Amino acid sequence: MSQSFSPPDTPKFRQLWQNQEGLCAICSKMMPMSRADVAHSTLWKKWRPTFDHIIPRAHEGSDDITNLRLAHAICNKRRGTGKG
Ligand SMILES: [Zn+2]
């Protein structure tokens, strides 16, 4: 078991992080940059920054940076499964 507790360290990630100043695109709250920023791994799983497709892939959205933004895993999930 070698689970990574770091967000994806890619140019896309860093660019988006900078653009958004570390804030979630959905709830506008600060995202933890690494596992060390949160008290528990369960919290990290909920709050870690993830890529959110502005236009979903199912609707022919691309993986281009212009179609991506960073959001908490939990916000991304909520949005993905609809309201409620
Ligand atoms: Zn959020």
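Residues numbered from 1 in each chain as written. Predicted model: local features only at pLDDT ≥ 70, side-chain atom pairs only at ≥ 80, totals over all residues. Heavy atoms only, no water.

1. Some thoughts on the pattern of salt bridges
So, step 1. Taken as a whole and assessed by the stated rule, the structure comprises 2 salt bridges.
So, step 2. With a closest N to O distance of 2.9 Å, Arg-69 and Asp-52 form a salt bridge. Remark: Asp-52 occurs in strand S1 (residues 49–53) and Arg-69 occurs in strand S2 (residues 68–72); sequence separation between them is 17 residues.
So, step 3. With a closest N to O distance of 3.1 Å, Asp-63 and Arg-57 form a salt bridge.
So, step 4. Judged by relative accessible area, Asp-63 falls into the partly exposed class, the value being 36%.
So, step 5. The exposed category is assigned to Arg-57, whose relative accessible area is 55%. (Salt bridge = Lys/Arg side-chain N within 4 Å of Asp/Glu carboxyl O. Helix = DSSP H or I, 4+ residues; strand = E, 2+ residues; numbered from the N terminus. Buried < 20%, exposed > 50% of the residue type's maximum accessible area, 1.4 Å probe, protein only.)

2. Digging into the coordination of the zinc ion
So, step 1. Protein coordination at the zinc ion comes from Cys-24 (SG), Cys-27 (SG), His-72 (ND1) and Cys-75 (SG), with a distance range of 2.1 to 2.4 Å.
So, step 2. Coordination at the zinc ion is tetrahedral, judged from the 4 donor atoms that bind it and the angles of 99 to 117° they form at the metal.
So, step 3. Mapped onto the polypeptide sequence, the residues donating to the zinc ion form the spacing pattern C-x2-C-x44-H-x2-C. Separated by 51 residues along the polypeptide, Cys-24 in the loop between helix H1 (11–20) and helix H2 (41–47) and Cys-75 in helix H3 (residues 73–80) bring together distant segments of the chain. As far as burial versus exposure is concerned, Cys-24 and Cys-75 are alike and both buried. (Donors = N, O, S within 2.8 Å, 3.2 Å for Na, K, Ca; no water. Tetrahedral: all angles 85-135°; square planar, octahedral: opposite > 155°, others 65-115°.)

3. Remarks on the confidence of the model for the protein chain
So, step 1. Scored by pLDDT, the protein chain has a mean of 88; 86% of the residues are at 70 or more.
So, step 2. Of all helices and strands in the protein chain, the one with the weakest mean pLDDT is H3 (88), whereas S2 scores best (96). (pLDDT = per-residue confidence, 0-100.)

4. Overview of the nonpolar core
So, step 1. If you look at the biggest cluster of nonpolar residues, it comprises 10 residues: Phe-13, Leu-16, Trp-17, Cys-24, Met-31, Leu-68, Leu-70, Ala-71, Ile-74 and Cys-75.
So, step 2. Taken together, the elements giving at least two residues each to this core come down to H1, S2 and H3. (Core = buried A, V, L, I, M, F, W, Y, C linked by side-chain atoms within 4.5 Å.)

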